[in-house]
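The lines below spell out each chain.
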Amino acid sequence: MTRPASRGTAQPLDGTPRERVKGKVLAEYFHRCAVRDVTRMRIVLYGRAGRC
């Protein structure tokens, strides 16, 4: 689960090393294609450039 951050990127609720690495990889290599809020959760769909 994530919470919105001020710069438009989601931040993990648990700051584990694994979640921090996942966030860095998503930010560096993928683009956010879609976002949907569903009952206290945010679902974010990521895709490679040009594949959203």
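Since this is a predicted model, take the numbers as computed values, not measurements.

Student: If you had to explain the overall build of the protein chain to someone new, which residues and values would you point to?
Tutor: Helices and strands together make up the secondary structure of the protein chain, namely one helix and four strands. Tracing the protein chain from N to C terminus, the helices and strands come up as β-β-α-β-β. Within the protein chain, buried positions represent 6% of all 52 residues. The long-range fraction of contacts in the protein chain, counting pairs at least 24 apart against all pairs at least 6 apart in sequence, stands at 11%. About 4700 Å² of surface is accessible on the protein chain, with carbon and sulfur atoms providing 53% of the total.

Student: I'd like a description of the pairing of strand E4 (residues 41-47), backed by residues and values.
Tutor: By the bridge criterion, seven bridges tie strand E3 (residues 31-38) to E4 in an arrangement that is antiparallel. Opposite His31, over in E4, you have Gly47 as the bridge partner. As consecutive antiparallel partners, E3 and E4 are separated by two residues, and within that stretch Thr39 has a phi angle of approximately 35 degrees, a positive value.

Student: Break down the state of the cysteines for me, citing the residues and quoting the values.
Tutor: Overall, the coordinates contain one disulfide when judged by the stated rule. At a sulfur-sulfur separation of 1.9 Å, the disulfide partner of Cys33 is Cys52. Between Cys33 and Cys52, the S-S dihedral sits near -65 degrees, and the bridge is therefore left-handed. Residue Cys33 is found in strand E3, and its partner Cys52 is found in the segment after E4; the two are separated by 19 residues along the sequence. Accessibility expressed as a relative area gives 63% for Cys52, which makes it exposed.

Student: Help me get a handle on the environment of Cys33, residues and values and all.
Tutor: You can call Cys33 partly exposed: its relative accessible area is 26%. Residues Cys33 and Cys52, spaced 19 residues apart in sequence, show a C-alpha to C-alpha distance of 5.3 Å. Among all residues touching Cys33, those that are not within four sequence positions of it are Leu45, Tyr46, Gly47 and Cys52.

Student: Tell me about the pattern of salt bridges, residues and numbers included.
Tutor: A pair can form between side chains of opposite charge whenever their charged atoms are brought close. Enumeration over the complete set of coordinates arrives at two salt bridges. Close ionic contact of Glu19 with Lys22 constitutes a salt bridge, the shortest N to O distance being 3.3 Å. In this pair, Glu19 and Lys22 are both assigned in helix H1 (residues 17-29), three residues apart and thus about one turn of the helix distant. For Lys22, a relative accessible area of 44% translates into the label partly exposed.

The rules we used
- Residues numbered from 1 in each chain as written.
- Predicted model: local features only at pLDDT ≥ 70, side-chain atom pairs only at ≥ 80, totals over all residues.
- Heavy atoms only, no water.
- Helix = DSSP H or I, 4+ residues; strand = E, 2+ residues; numbered from the N terminus.
- Buried < 20%, exposed > 50% of the residue type's maximum accessible area, 1.4 Å probe, protein only.
- Contact = heavy atoms within 4.5 Å.
- Areas by Shrake-Rupley, 256 points an atom, 1.4 Å probe, with all protein chains shown as cover.
- Pairing = 2+ DSSP bridges.
- Disulfide = S-S within 2.5 Å.
- Salt bridge = Lys/Arg side-chain N within 4 Å of Asp/Glu carboxyl O.

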